[in-house]
Amino acid sequence: MSAHPVDHAGLEVLGFEECLIRLASVPVGRVGFVTDGELLILPVNHVVDGQDLVFRTAQGSKLSAAAGQDKVTFEADAYDDRTRAGWSVLVTGRAELVYEEAEVERLGQLGLHPWPRTVERPFWARIRPSSVTGRQIPQQETGFGSPSR
């Protein structure tokens, strides 16, 4: 029996703290926002800072979204093909740029290094969540979702 409640689709519902732990366990997620009237979803590496997500960015659409304190969504997940288990966490909130020098210095100590190093990413963006939800598919022991051996 699961320690988590189950949703209408049979997925286990993760609590807030567990969602933050899962987000912190993976280095890359996807940030989604509207730019020039179009939806855009881009991969970013990130860290969890308290209840917020932070990432570094360069000039461009992500910077514009953060500067405008736009609504954004952020999703990260993990999946184990062998056990057919996995999880997904979705964060919605507002993006903002971090301007304060002391805060930029503090964030620099969190160990986040931009994934692609071809372009300098001097700006820090923070997502302040208004909603954090997560679901998981536990390891399947028998039946359709049985791990392949």
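Worth saying up front: this structure is predicted, and the values here are computed from it rather than measured. (Residues numbered from 1 in each chain as written. Predicted model: local features only at pLDDT ≥ 70, side-chain atom pairs only at ≥ 80, totals over all residues. Heavy atoms only, no water.)

**Quick notes on the side chain of Asp52**
Here is step 1 of the chain: Within the fold, Asp52 resides in strand β5 (residues 52-57).
Here is step 2 of the chain: Overall, the relative accessible area of 11% leaves Asp52 in the buried class.
Here is step 3 of the chain: Side-chain polar atoms of Asp52 contact the side chain of Arg128, separated by 2.8 Å.
Here is step 4 of the chain: The residues contacting Asp52, other than those within four sequence positions of it, are Val47, Arg126, Ile127, Arg128 and Pro129. (Helix = DSSP H or I, 4+ residues; strand = E, 2+ residues; numbered from the N terminus. Buried < 20%, exposed > 50% of the residue type's maximum accessible area, 1.4 Å probe, protein only. Polar contact = N/O pair within 3.5 Å; in protein donor to acceptor, adjacent residues only side chain to side chain. Contact = heavy atoms within 4.5 Å.)

**Quick look at the pairing of β5**
Here is step 1 of the chain: Within β5, five of the six residues are buried, leaving the element largely enclosed by the surrounding structure.
Here is step 2 of the chain: Sheet topology note: the strand β4 (residues 47-49)/β5 ladder contains three bridges and is antiparallel. Residue pairing for β5: Val48 is matched across the bridge by Leu53.
Here is step 3 of the chain: Between the antiparallel neighbours β4 and β5 lie two residues, among them Gly50 with a positive phi of about 70 degrees.
Here is step 4 of the chain: Across five bridges, the pairing between β5 and strand β8 (residues 123-137) is antiparallel. Across the sheet, residue Phe55 finds its bridge partner in β8, namely Ala125. (Pairing = 2+ DSSP bridges.)

**Considerations on the pattern of salt bridges**
Here is step 1 of the chain: Tallied over the full model, the rule gives 11 salt bridges.
Here is step 2 of the chain: Between Glu18 and Arg22 there is a salt bridge; the shortest N-O distance is 2.7 Å. Taken together, the residues Glu18 and Arg22, both in helix α1 (residues 16-24) and four residues apart, mark about one turn of the helix.
Here is step 3 of the chain: In this structure, Arg106 engages Glu103 in a salt bridge whose closest nitrogen and oxygen atoms are separated by 2.8 Å. Highlighted residues: Arg106 and Glu103, both in helix α3 (residues 101-108), separated by three residues, approximately one helical turn.
Here is step 4 of the chain: Of the residues examined, Arg106 reaches a relative accessible area of 35% and is grouped as partly exposed.
Here is step 5 of the chain: Through salt bridges with shared partners, one network takes in Asp49, Asp52, Glu96, Glu103, Arg106, Arg126 and Arg128. (Salt bridge = Lys/Arg side-chain N within 4 Å of Asp/Glu carboxyl O.)

**Focus: the confidence of the model for the chain**
Here is step 1 of the chain: The share of residues in the chain with pLDDT of 70 or more is 87%, and the mean pLDDT across the chain is 85.
Here is step 2 of the chain: α1 holds the highest mean pLDDT among the elements of the chain, 97, whereas helix α2 (residues 61-67) holds the lowest, 70.
Here is step 3 of the chain: Counted against residues more than four places away or in other chains, residues 144-149, with its pLDDT under 50, gives 12 contacts. (pLDDT = per-residue confidence, 0-100.)

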